[in-house]
Amino acid sequence: MTSFAVVGAGWRAEMFWRIADGLSGLRCAGAVVRSPRELPVPTFPSLSACVAEAAPDFVVTAVPWPATPSVIVEAVERGLPVLAETPPAPDAAGLRKLWAAVGDSGLVQVAEQYLLMPSHAARAAAVRAGLIGTPTQVQVSSTHQYHAVSLIRGLLGAGRGPVRVRATRSTAPLVDPLTRDGWTDDPGPRPATTTIATLDFGDGRSGVYDFTDNQWHNQLRFRRLLVRGSHGELRDDELIRLGPPRTLLRSALVRRQTGYDLDLDGFDTDTITLDGEVLYRNPYPGRRWSDEEIAIATLLDATAAWVRGTGPAPYPLADGAQDHLVALAIEEAADTDRTVTTGVEDWA
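For the protein chain, the name recorded in an unreviewed UniProt entry is Gfo/Idh/MocA family oxidoreductase, with Actinoplanes flavus as its organism.

> Explanation requested: a nonpolar patch on the surface in the structure shown.
A cluster of nonpolar side chains, I240, L242 and L248, forms an exposed patch at the surface whose accessible area comes to about 310 Å². For L248, the location among the structural elements is in strand β16 (residues 248-258). Since its relative accessible area comes to 65%, L248 is described here as exposed.

> Looking at this structure, how should I read the pairing of strand β17 (residues 268-274)?
A regular strand places its side chains on the two faces of the sheet in alternate fashion. Taking burial as the measure, the 7 residues of β17 include 6 buried ones, the bulk of the element. Sheet topology places β16 next to β17; 6 bridges connect them, and they run antiparallel. Bridge pairing links V254 to T273 in β17. Two strands pair when backbone bridges link them, and β17 and strand β18 (residues 277-281) are joined in this way by 4 bridges, in the antiparallel orientation. Pairing of T271 across the sheet is with R281, part of β18.

> Explanation requested: the sheet that holds β18 in the structure shown.
The strands making up a sheet are joined through hydrogen bonds of the backbone, oriented either antiparallel or parallel. Strand order across the open sheet formed by 11 strands is β18-β17-β16-β15-β14-β13-β7-β12-β11-β8-β19, with mixed pairing between neighbours. Edge strands, defined here as strands with exactly one partner in the open sheet, are β18 and β19 (340-342). Strand-to-strand twist of the sheet, defined as the mean angle between neighbouring strand axes without regard to direction, takes the value 20 degrees. Across 4 bridges, strand β13 (residues 224-229) lies against strand β14 (residues 232-235) in antiparallel orientation. What sits directly across from V227, in β14, is L234. Of the strands in this sheet, β7 (135-141), β13, β14, β15 (238-242), β16, β17 and β18 are in contact with helix α5 (residues 118-128), which crosses β18 at around 140 degrees. Packed on one face of the sheet, helix α8 (residues 317-336) meets β8 (163-174), β11 (190-202), β12 (205-212) and β19 and runs near 60 degrees to β8.

> Can you walk me through the pattern of salt bridges in this structure?
Pairing between side chains of opposite charge can happen when their charged atoms approach one another. Considering all chains together, one arrives at 24 salt bridges under this definition. Across the pair E292 and R12 runs a salt bridge whose closest N-O atoms are separated by 2.9 Å. You can see E292 sitting in helix α7 (residues 291-308) and its partner R12 sitting in helix α1 (residues 11-20), a full 280 residues away along the chain. Residues E293 and R18 are paired through a salt bridge, measuring 2.7 Å at the closest nitrogen-oxygen approach. Pair noted here: E293 is in helix α7 and R18 is in helix α1, with a separation of 275 residues, a long-range link. With a relative accessible area of 12%, E293 lands in the buried category. By relative accessible area, which is 34% here, R18 ends up partly exposed. Through salt bridges that share partners, R153, R160, D319 and D323 make up one connected network.

> Would you mind showing me how to read the packing of helix α6 (residues 145-156) against α8 here?
Axes are the key here: two packed helices are described by the angle between their axes and the distance separating the axes. α8 packs onto α6 with a crossing angle of 115 degrees between their chain directions and a minimal axis gap of 8 Å. Like other packed secondary-structure pairs, α6 and α8 cross with a definite hand, here right-handed. Listed contacts from α8 to Q145, Y146, V149, S150 and R153 of α6 are D319, Q322, D323, H324, V326, A327, I330 and E331.

> For this particular structure, what's the right way to read the nonpolar core?
Side chains of a nonpolar character, in soluble globular proteins, are inclined to be buried together. Of all hydrophobic cores here, the largest spans 70 residues; its most connected members are F4, F16, V165, L199 and L300. In terms of residue count, the dominant contributor to this core is α7 (7 residues). Membership of the second largest hydrophobic core comes to 31 residues, among which are V59, V110, A321 and V344.

> Explanation requested: the environment of E293 in the structure shown.
On a C-alpha basis, the gap between E293 and T247 in space is 40 Å, while along the polypeptide they are 46 residues apart. Within the structure, the side chain of E293 is placed 2.7 Å from the side chain of R18, a separation counted as a polar contact.

> Is there a simple way to think about the packing of helix α3 (residues 68-77) against helix α4 (residues 92-102) in this case?
Running from N to C, α3 and α4 point in directions that differ by 5 degrees, and their axes come no closer than 10 Å. In this view, α3 runs roughly parallel relative to α4, as classed from their interaxial angle. Facing P69, I72, V73 and V76 of α3, the residues of α4 in contact are L98, A101 and V102. Taken together, the residues that form the contact of α3 with α4 break down as 7 nonpolar, no polar and no charged.

Parameters and conventions
Residues numbered from 1 in each chain as written. Predicted model: local features only at pLDDT ≥ 70, side-chain atom pairs only at ≥ 80, totals over all residues. Heavy atoms only, no water. Patch = residues over 30% accessible without salt bridge, like charges linked within 9 Å, V, L, I, M, F, W, Y side chains within 5 Å. Areas by Shrake-Rupley, 256 points an atom, 1.4 Å probe, with all protein chains shown as cover. Salt bridge = Lys/Arg side-chain N within 4 Å of Asp/Glu carboxyl O. Helix = DSSP H or I, 4+ residues; strand = E, 2+ residues; numbered from the N terminus. Buried < 20%, exposed > 50% of the residue type's maximum accessible area, 1.4 Å probe, protein only. Pairing = 2+ DSSP bridges. Axes fitted to C-alpha atoms, helices over the stretch in contact; angles between N-to-C directions. Contact = heavy atoms within 4.5 Å. Left-handed = near helix turned anticlockwise from the far one by under 90°. Core = buried A, V, L, I, M, F, W, Y, C linked by side-chain atoms within 4.5 Å. Polar contact = N/O pair within 3.5 Å; in protein donor to acceptor, adjacent residues only side chain to side chain. Parallel < 35°, antiparallel > 145°, perpendicular 65-115°, else oblique. Nonpolar A, V, L, I, M, F, W, Y, C, P; charged D, E, K, R; others polar.

The following block contains the structure:
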């Protein structure tokens, strides 16, 4: 049995210990909290107390951005592997300082789960299979900052290195019916800012970042994802590619979701297929988890395997730093109306 401790007690920390309760071979040994409170897992006033009493195999950080680097450094100093919530440090200077402190340890992973979500995992499988040839451009309009950059880099197969960023912002009226707290019941449009950026990774690979305020929750904006390749294109859940001579093939990614209509198996994700081939199979059938929960469970299992030495590193610190540096460059480019070049090639 592999165990971990969560540092933090917010909504994200709660997801980690709740999901771990549904995994075999993995358990949450407790949470490190600043003030006493009742939680469904044991609580500890400090990481040192947690290590002394619970002896976790790794640590998950789920604290505010400014506090994350110090928690990471303390855990590494104790020889503990870390899965750090995004981003691992708030700004570029903080990332460099964190890398100088723990970069060579090899003990730090970043909790970037978007590529592990069923739909994205299926799309990535289709791209890796070469169905659209060599991927050359990824356009993402669904999530923000480092998450969007991670999707773009992952689907392009772009590693760590210099990225040239151009960005603009515009503001327009938009009704905002939903937030994390639920329905707003406000039918009046309010100013919403849209940031659009182009990312040049070199070697003919590029990305387009398009995000509007609260796009995660605002269902009045579609989520869009496009992957362009040398032999075709993937648009959301549809794919077009070149087949036999003078033949274009158009296919759909089909999700089998149980629990609809007369399906009495209960609501759950089963598979995502393309032309009869399984691109993705839910590794946690029967849990009734959302895509986000499936992705976090997959990440936790992958981290546990890495800690045990039976699996690869799920998302090394350098990759998380690359994502956040590019995200920061998008904001800088939009603020200054100039091209910004960034990346971790000179220090990671």
